[in-house]
Amino acid sequence: MADIVKQILANPIQLADQVIQAADEAVLFSQECAELKSKTEKLIVLLRQAARASNELYQRPMSRIIDDTEQTLERAMSIVTKCCTQGLVKRVFTIIPSADFRNLSSQLENSISNVSWLLRVSASAEEGADRYLGLPPIVTNEPILCFIWEHIAILCTGSVNDRSDAAASLVSLARDNDRNRKLIIEEGGVGPLLKLLKEGKLEGQENAAKAIGLLGCDPESVEHMVNAGVCLVFVKILKEGLMKVQAVVAWAVSELAAHYPECQDVFHQNNIIRLLVSHLAFETVQEHSKYAIVSKSTSIDAVLSASNVSSVHKVNEDDDNSHIPHPLGNKKPTQMHTVVTATTAMQASQQIPVNDAKQTYHQQSHYATGVSNKGRESEDPNTKAYMKAMAARALWKLAKGNSTICHSITDSRALLCFAVLLEKGDKDVQYHSAMAVMEITAVAEKDPDLRKSVFKPNSPACKAVVDQLLRIIKKEDLNLLVPCIRSIGNLATTFRATETRMISPLVTLLDQREPEISNEAAISLKKFSCNENYLHLNHCKAIISAGGAGHLVQLVCFGEKVVQFSALLLLCDIALHVPNSEELAEAEVLSVLKWASKQAHLNRDEKTETLLHESKSRLELYQSRGSRGFH
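Since the structure is predicted, the reported quantities are computational estimates derived from the model, not experimental observations.

Cut-offs applied
- Residues numbered from 1 in each chain as written.
- Predicted model: local features only at pLDDT ≥ 70, side-chain atom pairs only at ≥ 80, totals over all residues.
- Heavy atoms only, no water.
- Helix = DSSP H or I, 4+ residues; strand = E, 2+ residues; numbered from the N terminus.
- Contact = heavy atoms within 4.5 Å.
- Axes fitted to C-alpha atoms, helices over the stretch in contact; angles between N-to-C directions.
- Left-handed = near helix turned anticlockwise from the far one by under 90°.
- Nonpolar A, V, L, I, M, F, W, Y, C, P; charged D, E, K, R; others polar.
- Core = buried A, V, L, I, M, F, W, Y, C linked by side-chain atoms within 4.5 Å.
- Buried < 20%, exposed > 50% of the residue type's maximum accessible area, 1.4 Å probe, protein only.
- Domains from an automatic or database assignment.
- Phe/Tyr/Trp six-rings, centres within 6.5 Å; stacked < 30°, edge-to-face > 60°.
- Lys NZ or Arg CZ within 6 Å of the ring centre and 35° of its normal.
- Salt bridge = Lys/Arg side-chain N within 4 Å of Asp/Glu carboxyl O.

Visitor: Any chance you could explain the side chain of Ser487 here in plain terms?
Guide: Along the chain, Ser487 turns up in helix H26 (residues 478-490). Aside from chain neighbours lying at most four places away, what touches Ser487 is Ala434, Val437, Met438, Thr441 and Leu469.

Visitor: What exactly am I supposed to notice about the packing of helix H21 (residues 403-411) against helix H23 (residues 427-446) here?
Guide: Working note: a packed helix pair is described by the angle between its axes plus the distance between those axes. At a minimum axis distance of 10 Å, the contact between H21 and H23 shows a crossing angle of 120°. The handedness of the crossing between H21 and H23 comes out as left-handed. Two secondary-structure elements touch here, H21 through Ser403, Cys406, Ile409 and Thr410 and H23 through Glu439, Ile440 and Val443. Residues of the contact of H21 with H23, tallied by class, amount to four nonpolar, two polar and one charged.

Visitor: How should I be thinking about the nonpolar core in this particular structure?
Guide: Here is a general trend for soluble globular proteins: nonpolar side chains tend to be buried in one another's company. One finds Leu197, Phe234, Leu276, Phe418 and Ile488 to be the most contacted residues of the largest nonpolar core, which totals 196 residues. Each of domain 1 (1-125 + 132-137) and domain 2 (139-274) contributes no fewer than three residues to this core. Excluding its chain neighbours within four sequence positions, the residues that come into contact with Leu197 are Gln205, Ala208, Ala209, Ile212, Val233, Phe234, Ile237, Val245 and Val249.

Visitor: How do you make sense of the packing of aromatic side chains when you look at a structure like this?
Guide: Within a pair of aromatic rings, the relevant descriptors are the distance that separates the centres and the angle that separates the planes. Applying the stated criterion across every chain yields a total of five aromatic pairs. Relative to Phe101, the ring of Phe29 has its centre 5.4 Å away and its plane inclined at 45°; by these criteria the two rings are tilted. In this pair, Phe29 is assigned in the loop between helix H1 (2-24) and helix H2 (30-52) and Phe101 in helix H5 (residues 98-122), connecting sequence segments 72 residues apart. With a centroid separation of 6.0 Å and 15° between ring planes, the pair formed by Phe495 and Phe528 is classed as stacked. Taken as a pair, Phe495 in the loop between H26 and helix H27 (503-509) and Phe528 in helix H28 (residues 515-529) lie far apart in primary sequence, 33 residues in all. On the basis of relative accessibility, which here comes to 9%, the residue Phe495 falls in the buried class. Owing to a relative accessible area of 0%, Phe528 belongs among the buried residues under this scheme. The side chain of Lys397 reaches across the aromatic face of Trp396, ending 3.9 Å from its centre.

Visitor: Whenever I open this one, the environment of Trp149 confuses me. Can you help?
Guide: Turning to its location among the elements, Trp149 is positioned in helix H6 (residues 143-157). Owing to a relative accessible area of 0%, Trp149 belongs among the buried residues under this scheme. Those residues in contact with Trp149 that lie beyond four places of it in its chain are Tyr58, Arg60, Pro61, Arg64, Trp117, Val121, Ile138, Val139 and Glu187.

Visitor: Teacher, can you tell me more about the pattern of salt bridges here?
Guide: Side-chain pairing between opposite charges can occur once the charged atoms of the two side chains come close. Counted under the stated rule, the structure contains 20 salt bridges. A salt bridge links Glu187 to Arg60, with the nearest nitrogen and oxygen atoms 3.1 Å apart. Taken together, the positions of Glu187 in the loop between helix H8 (178-186) and helix H9 (190-199) and Arg60 in helix H3 (residues 59-82) put the pair 127 residues apart, joining distant regions of the chain. Residue class for Arg60 comes out partly exposed when judged on its relative accessible area of 36%. Close ionic contact of Lys463 with Asp467 constitutes a salt bridge, the shortest N to O distance being 3.1 Å.

Below you can see the structure in the form of structure tokens.
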């Protein structure tokens, strides 16, 4: 790089020499040429100093400054050459406006200031101590670029504390607008930030991680950072870093994944999913059981029963590591926590077939180099909670629409973690866990392999998660309702005919005062009632039994637009599948469907019109008109 810089500087240095020589030979405007010569001499001294320091020069501003300086010297050469003309005629007709000399003199002054600033900004921490850089003339019209250059230069050459402060300043600039974020990347800020994240002290690492997360504001920027090696640095921190830094890195992962989903697989290939799950599981579920395989014959009842048998107690007594600490400390375990403990104990005591044993060994050995627990136990509770929240947030963004990553997450102990955290986690931990479960179930809804392997009715982890989703729905926690409602809807095809406990809470939400909640409940129930659900008849009857017909009629007729259409589709399904229901007749559903068929905003497309027509026809076959629409 130093040789390239010297080549770039060679031409302006040569031009400056020529300008000085020509100024000595000037016969016209000698005083003006002498002034240009003086300033050019000052400039060439700085240019030669820059050539000697070529190894240390900050490349981005250098190229712009040297290019501008070269253009100024070319103009100086053109004017000074005219002053060297020979012969009387040429002298008489050589006219150079005095304004040209003034402008050129000013431009040379600017070049001197620009090159001087370049040398100062490129100086090492010792050389540039207590320096005042000022604003170089080249960025007078864009002062923010100067600040970015200065902070990136300090990241490259400053002291430990200065580098941390520079990263904090870049965080502030990146938060302001997209233009600043683009400039920081274009001016070479990513590399120094990654170096600080990898090698700096706590505060500097945190600031660098924040800056990297903020810079990933669009696909192009994230791709640039991935190519710059961000994954390797993230892996190093998530494995070995301080928990405060690890939490910010997890947040940065979530930001990059959210703005550029194509990077999800790159993160997965670098084992970041595994590391995030390890942080999620720390002090949540048993560490060594993270990839143990659950027997297909295991049921939730068997797990609960097994928690009381002596063999399980013996396993716990023989192996201190088999104890699963409660996330809130030594408190009375809940039923869900008992499920987690018993599941792990059963896995430890079961006779695993040879093939399953090989698979378990392979998985456990593959993940044996996970996060070290050293020092993590002593972290303060707020840091631990923030780490879990950011790990859950990162898994949420990484899981979105990615079947491979969802398989990887659910093959681990993450579902059990989410179940525990949904019950006992802090507010942010609960929200991000709920969002992660929502994205995983959304993928499972479209991925039969994932759905059948993970969300089996007899899966303890699945049951534990569903229990928590239903608990939140019954509690009507507005912060968590939407993702929990969607998750239950995504799992609609996995429930057995006897598993109807999720219908009534969803029907209750149809009467929610928040239109968004009622809308989500209607959409979720539609997944139970549609033809694609094998048990749609059972579910439609359960919706009617829970009082759904009356709620839906109210929503279709008097609800806000956001919920009217969803309620209508659900009502059509119920009318189509259970047309002989007395509850539907009493609610005057046929009259409502006839009214809805005449409303343009409810007949959005041909599919809706067809569904409405079929539903009305079915009801008319089973119900006759009377004074109130039926008799």
